[in-house]
Amino acid sequence: MTLLSGPPHVITVGAGLLRESLAAQAVTTTPVDWRPPLPGTEGALARVLADPRLPAANERAVARLISARPVLSAVRRASEVLELGGMTFLHAGPPITWERASGPLRGALIGAMLLEGYTHDEEDAERRLASGEVRLEPCHHHGTVGPMAGVVSPSMWMFEVRDAEHGGVAYCSLNEGLGKVLRYGAYGPEVLERLGWMDRVLGPVLSAAIELAGPIDLRGMIAQALQMGDELHNRNRAATSLLLRELAPAVVDASPRDAAEVLRFVGGNDHFFLNAGMAAGKVATDAARGVPGSSLVVAMARNGTDFGVQVSGLGDRWFTGPAGVPDGLYLGAYGPADANPDIGDSTITETSGLGGFAMAAAPAIVRFVGGEVADAVAATRSMYEITLAEHPAFQIPGLGFRGTPVGIDVTLVARTGLLPVVNTGIAGRLAGTGQVGAGLVRPPVEAFTAALLALAESAKDPL
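Everything numeric here is computed off the predicted structure, so don't read it as measured data.

Overview of the sheet that holds strand β9 (residues 216-217)
Strand order in the open sheet made by the five strands is β6-β8-β7-β3-β9, with mixed pairing throughout. A single partner strand is all that each edge strand has here, and the edge strands are β6 (144-145) and β9. Pairing of strand β3 (residues 70-77) with strand β7 (residues 157-163), which is carried by seven bridges, proceeds in the antiparallel orientation. When the bridges of β7 are listed, valine 75 appears paired with phenylalanine 159.

Right, dumping it as structure tokens:
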């Protein structure tokens, strides 16, 4: 009877129309943020959740991910550490052919042809790439990640990152800086000149310096950078400064003649740490691969046409959907019409609990990708709903030193309808343009739906 005699208190679920109507009548409400599962996934979701292997498999996979201890162990040429026989170039994202390649990827491939001296003519480079003479393979298939177009050719120098806990190794090219750079699809004379200097000077000096300095603890460096305002995808200012401080004495000892030029280049490039951080993310997520029955996402990557994900329990299979165009801020006179769909392997940062998942640690990031500080905090908070753990080392001061959300679970994405938050640079859609902006993007639903259906097909029946 007290329910009938006292003032009503209504719990509302789903759409806000009922809550708004009640509030207009001064009725106290408690909203429940509920969303239905992704359309068409109900049966597959039930089958995967009933797989008796799932809880233990996910516990094991995410434990391996968060216990990884990436260290920067060397800088080496791609030709020495990667299988790039014949005319083979690596690229970001899932597999793709020249015919389907976007403008920035085509531009980066043309630039790599010119850089390697395979041709001295842009039109000849395009003809040979279109003929299939050059083999194109994803970076992820070679234990490698590449930002934006992600093109890796034999002469490029690579960060080598080893997992001191599980023994894995991953690679990423050196960062060129912002603006007109190869990874954004630019290949003009200034781009090739810079890459030539990186080949002759930067790579050899860093290689010698790291050999002198010894392995550098990237896990600890990332943890410290988070507490200094980075989120380790689009803001790497603190991490780059920490790396520069660690390397500077060894750079001077290794090459007194070139030290000033090298340190000036690194110090003037706030994104220099990004590539080392990407390799750290790759080696950590790779530690979680191959756990039968696990629904943990171990890779998210884009090639400028497709957005693909890989899942721990499903081997090296890619599940893809169309890459979306980021929503963000544009440089100069550029606008959305100039933007290419999402591109790059740098979503390995989000996959490992950084980037868009850690924006609450980097309120200044909104000045680069758009939105308000509250949006950055809300983005991080929402990602706890689709992840399996909080990273014990990567902590966010503004959230009471709560660990970043880590371990994207396909079943949680399907159950909540929430998609991972990604912050990213925006490449111009025309080959040769370079960077046109930065912003936020959500992966396509299709990639996660396809992964869930595949998990359902491989699921074991309950005992």
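Comments concerning the side chain of asparagine 58
Summarising the element assignment, asparagine 58 is placed in helix α4 (residues 54-67). At a separation of 2.9 Å, a polar atom in the side chain of asparagine 58 contacts the main-chain amide nitrogen of serine 295. Beyond its immediate chain neighbours, meaning those up to four positions away, asparagine 58 contacts Ser294, Ser295, Leu296, Leu388 and Asp409.

Considerations on a negative patch on the surface
Taken together, the side chains of Asp121, Glu122, Glu123 and Glu126 present a region of like negative charge at the surface. Among the structural elements, glutamate 122 can be located in helix α7 (residues 122-130).

Digging into the packing of helix α10 (residues 237-254) against helix α11 (residues 259-267)
The interhelical angle for the contact between α10 and α11, taken along N-to-C directions, is 175 degrees, at an axis separation of 10 Å. The angle between α10 and α11 places the two elements in the roughly antiparallel class. Counting all contacts with α10, which are made through Thr240, Leu244, Ala248, Val251 and Val252, the residues of α11 involved are Ala259, Val262, Leu263, Val266 and Gly267. Partitioning the contact of α10 with α11 into residue classes produces eight nonpolar, two polar and no charged.

Concerning the sheet that holds strand β14 (residues 343-344)
Taken in spatial order, the four strands make up an open sheet running β12-β11-β10-β14, and their pairing is antiparallel. Either end of the sheet is taken by a strand with one partner, and the two such strands are β12 (319-322) and β14. In terms of strand pairing, strand β11 (residues 306-311) meets β12 through four bridges, oriented antiparallel. Bridge assignment links aspartate 306 to a residue of β12, and that residue is proline 322.

Comments concerning the pattern of salt bridges
Using the criterion set out here, one finds 19 salt bridges in the structure. Notably, a salt bridge pairs arginine 47 with aspartate 461, separated by 2.8 Å at the nearest N-O pair. Here the residue arginine 47 occupies a position in helix α3 (residues 42-49), and aspartate 461 occupies one in the segment after α17 (445-458), the gap between them amounting to 414 residues. The exposure class of aspartate 461 is exposed, given its relative accessible area of 51%.

Re α10
An ideal rise of 1.5 Å per residue puts 26 Å on 18 residues; α10 measures up with 25 Å between its terminal C-alpha atoms. Along α10, the helix axis deviates most sharply at leucine 247, where the bend reaches about 40 degrees; the proline proline 249 sits within four residues downstream. Inspection of α10 places Ala238, Ala239, Thr240, Leu242, Leu243, Leu247, Ala248, Ala250 and Val251 among the buried residues, and these make up the whole buried set.

As for unusual backbone geometry
Even without a glycine there, the phi angle at methionine 148 is positive, about 50 degrees. You can see methionine 148 is positioned in the loop between β6 and β7. Overall, the relative accessible area of 4% leaves methionine 148 in the buried class. Not every positive phi belongs to a glycine, and phenylalanine 401 is a case in point at roughly 60 degrees. Counting through the fold element by element, phenylalanine 401 comes out in the loop between β15 (387-396) and β16 (402-408).

A look at the packing of aromatic side chains
Here the structure, examined in full by the defined rule, presents four aromatic pairs. Measuring from centroid to centroid gives 6.0 Å for phenylalanine 89 and tyrosine 118, while their planes differ by 20 degrees, and the two rings are stacked. Here the residue phenylalanine 89 occupies a position in strand β4 (residues 88-91), and tyrosine 118 occupies one in the loop between α6 (103-115) and α7, the gap between them amounting to 29 residues. When the ring of tryptophan 197 is compared with that of phenylalanine 265, the centres are 5.1 Å apart and the planes differ by 55 degrees; the resulting orientation is tilted. With tryptophan 197 in helix α8 (residues 189-213) and phenylalanine 265 in helix α11, the pair connects residues that are 68 residues apart, well separated along the chain.

Examining the packing of α8 against α11
Close contact between α8 and α11 brings their axes to 10 Å; oriented N to C, the two are set at 110 degrees. Looking at the two axes, α8 sits roughly perpendicular to α11. Contacts between α8 and α11 involve Arg194, Trp197, Val201, Leu202, Val205 and Leu206 from the former and Glu261, Val262 and Phe265 from the latter. Of the residues belonging to the contact of α8 with α11, the class tally is seven nonpolar, no polar and two charged.

Observations concerning the nonpolar core
Core analysis: the biggest nonpolar cluster contains 83 residues, and Leu202 and Val262 have the highest contact counts within it. Among the elements that line this core, the one with the most residues is α8, at ten residues. Apart from residues lying up to four places away in sequence, valine 262 is in contact with Trp197, Val201, Leu202, Val205, Leu206 and Val251.

Some thoughts on α6
A rise of 1.5 Å per residue sets the reference length of α6, with its 13 residues, at 18 Å; its end C-alpha atoms lie 18 Å apart and thus fit the reference within 8%. Burial in α6 covers these residues: Gly103, Pro104, Leu105, Gly107, Ala108, Leu109, Ile110, Gly111, Ala112, Met113 and Leu114. Remark: glycine 117 follows α6 within two positions and exhibits a positive phi of approximately 75 degrees.

Conventions used here
Residues numbered from 1 in each chain as written. Predicted model: local features only at pLDDT ≥ 70, side-chain atom pairs only at ≥ 80, totals over all residues. Heavy atoms only, no water. Pairing = 2+ DSSP bridges. Helix = DSSP H or I, 4+ residues; strand = E, 2+ residues; numbered from the N terminus. Polar contact = N/O pair within 3.5 Å; in protein donor to acceptor, adjacent residues only side chain to side chain. Contact = heavy atoms within 4.5 Å. Patch = residues over 30% accessible without salt bridge, like charges linked within 9 Å, V, L, I, M, F, W, Y side chains within 5 Å. Areas by Shrake-Rupley, 256 points an atom, 1.4 Å probe, with all protein chains shown as cover. Salt bridge = Lys/Arg side-chain N within 4 Å of Asp/Glu carboxyl O. Lys, Arg positive; Asp, Glu negative; His and termini not counted. Charge placed at Lys NZ, Arg CZ, Asp CG, Glu CD. Axes fitted to C-alpha atoms, helices over the stretch in contact; angles between N-to-C directions. Parallel < 35°, antiparallel > 145°, perpendicular 65-115°, else oblique. Nonpolar A, V, L, I, M, F, W, Y, C, P; charged D, E, K, R; others polar. Buried < 20%, exposed > 50% of the residue type's maximum accessible area, 1.4 Å probe, protein only. Expected span 1.5 Å × (residues − 1). Bend = angle between axes of the 7 residues up to and from the residue. Phe/Tyr/Trp six-rings, centres within 6.5 Å; stacked < 30°, edge-to-face > 60°. Core = buried A, V, L, I, M, F, W, Y, C linked by side-chain atoms within 4.5 Å.

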